[in-house]
Amino acid sequence: MLNAKLFDHTLLKADATSQQIRRVCQEAKEHGFASVCVNSYYTALVAKELEGSDVMTCTVVGFPLGQMSTRAKKAETEIAVADGAQEIDMVINVGALKEGLQDVVLEDIREVKSACGTARLKVIIETCLLTDEEKVLACRLSKEAGADFVKTSTGFSTGGARVEDVALMRKTVGPDMGVKASGGIHDREMAQKLVEAGASRLGTSATLAIVE
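Report follows, based on the coordinates.

Calculation criteria
Residues numbered from 1 in each chain as written. Predicted model: local features only at pLDDT ≥ 70, side-chain atom pairs only at ≥ 80, totals over all residues. Heavy atoms only, no water. Helix = DSSP H or I, 4+ residues; strand = E, 2+ residues; numbered from the N terminus. Rg over C-alpha atoms; globule rule 2.2 N^0.38 Å. Buried < 20%, exposed > 50% of the residue type's maximum accessible area, 1.4 Å probe, protein only. Contact = heavy atoms within 4.5 Å. Areas by Shrake-Rupley, 256 points an atom, 1.4 Å probe, with all protein chains shown as cover. Pairing = 2+ DSSP bridges. Axes fitted to C-alpha atoms, helices over the stretch in contact; angles between N-to-C directions. Disulfide = S-S within 2.5 Å. Core = buried A, V, L, I, M, F, W, Y, C linked by side-chain atoms within 4.5 Å. Salt bridge = Lys/Arg side-chain N within 4 Å of Asp/Glu carboxyl O. Left-handed = near helix turned anticlockwise from the far one by under 90°. Nonpolar A, V, L, I, M, F, W, Y, C, P; charged D, E, K, R; others polar. Phe/Tyr/Trp six-rings, centres within 6.5 Å; stacked < 30°, edge-to-face > 60°.

## Quick word on the overall build of the protein chain
From N to C terminus, the protein chain includes 9 helices and 8 strands. By the compact-globule yardstick of 17 Å for 212 residues, the protein chain fits well, its C-alpha radius of gyration being 16 Å. Referenced to the eigenvectors of the C-alpha coordinate spread, the extents of the protein chain come out at roughly 45 × 35 × 30 Å. For the protein chain, the proportion of its 212 residues judged to be buried stands at 51%. For the protein chain, long-range pairs separated by at least 24 residues make up 68% of all intrachain contacts whose partners lie at least 6 apart in sequence. Carbon and sulfur atoms form 50% of the exposed surface of the protein chain, whose accessible area is close to 9,500 Å².

## Points about the sheet that holds strand β3 (residues 56–61)
Reading around the barrel, the 8 strands line up as β1-β2-β3-β4-β5-β6-β7-β8 and close back on themselves, with parallel pairing between neighbours. In this sheet, neighbouring strand axes are inclined to one another by 25° on average, regardless of whether the strands run parallel or antiparallel.

## A look at the state of the cysteines
With the rule as written, the count across this model stands at 0 disulfides. Considering cysteine sulfurs only, C37 is the nearest to C58, which forms no disulfide, with 3.5 Å between them. Relative accessible area serves as the criterion here: at 0%, C58 is assigned to the buried category. There is no disulfide at C139, and the cysteine sulfur nearest it, in C128, is 14 Å away. Classification of C139 by relative accessible area gives buried; the value is 1%.

## Quick look at the nonpolar core
For soluble globular proteins, the rule of thumb is that nonpolar side chains tend to be buried together. Counting 57 residues, the largest nonpolar core has I21, V36, I109, L121 and L202 as its most contacted members. In terms of residues, this core owes the most to one element, helix α5 (residues 102–116), which gives 5 residues. Excluding its chain neighbours within four sequence positions, the residues that come into contact with L121 are I88, M90, I109, V112, K113, C116, A147, D148 and F149.

## Notes on the pattern of salt bridges
Note that side chains of opposite charge can pair when their charged atoms are close. Tallied over the full model, the rule gives 21 salt bridges. A salt bridge links K135 to D132; its shortest N-O distance comes to 3.1 Å. Placement of both K135 and D132 in helix α6 (residues 132–144) is noted, with a separation of 3 residues, approximately one turn of the helix. Among the salt bridges present, the one from R162 reaches D165, with a minimum N-O distance of 3.2 Å. One network of salt bridges, in which partners are shared, links D8, E87, D89, R120, K122, K151, K180 and R201.

## Topic: the packing of helix α1 (residues 18–31) against helix α2 (residues 43–50)
Between α1 and α2, the shortest axis-to-axis distance is 10 Å and the interhelical angle comes to 35°. Crossing handedness for the pair α1 and α2: right-handed. Side by side, α1 and α2 meet where S18, I21, R22, C25 and K29 of the first sit next to L45, V46, E49 and L50 of the second. The residue makeup of the contact of α1 with α2, split by class, is 5 nonpolar, 1 polar and 3 charged.

## As for unusual backbone geometry
With omega at 0°, the peptide bond leading from F63 into P64 counts as cis. Tracing the backbone shows P64 in the loop between β3 and α3 (70–82). The backbone of E126 sits at a positive phi, close to 55°, despite the residue not being glycine. Taking relative accessible area as the criterion, E126 reaches 3% and is therefore assigned buried.

## Concerning the packing of aromatic side chains
Under the counting rule described, the total for this entry stands at 3 aromatic pairs. With centroids separated by 6.2 Å and ring planes inclined at 65°, the aromatic side chains of F7 and F33 adopt a geometry described as edge-to-face. Note that F7 is positioned in strand β1 (residues 7–11) and F33 in the loop between α1 and β2 (35–38), a separation of 26 residues in sequence. F33 shares its class with F7; the two are buried. A ring pair is formed by F63 and F156, whose centres lie 5.2 Å apart and whose planes are at 80°; its orientation type is edge-to-face.

None of the figures reported here should be taken as evidence of function without further support.
The structure is reproduced here in structure tokens:
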């Protein structure tokens, strides 16, 4: 069963304006979504717009490629949290994962987690670029690093959320860790299938079309 608190109402486009961000915040408050997810430039604005509501401010870090230095990701996280972010969605270093540099990936996530303070951390593994074995490894490293969620996609690569990936991620992390599906979720039927496969959060810019 779909409910509003499953959704991160998302606006990550390069041409997003403050007027559009304010509208997204208003929609999130009206419908009671879990969060509004934005690029870090808009973190403070979103936090201000959502003040007094139970909708969280969510900021992406290392987005969308993930190949920034760990120091840069950590600094970006610290700034976002200072600006009011309650959730951080970071992108892993996909190249390092594919190269087998597990310690690099683990430390990258750990450092961002340490900068989160009380904010929750979702780790975007970009499933469309990974084999099933790499997806499992990325989920295990995220869990070991103390992340709160694993997340399928940025929505800016070669593919988005797939039911089979969500099921694999849920199987890997177990029942207690969050799994967020994002990227290419445009209708209620797809959203429902992802939840049935194990998603505990959905990230989409089509939130209104789905819930209404």
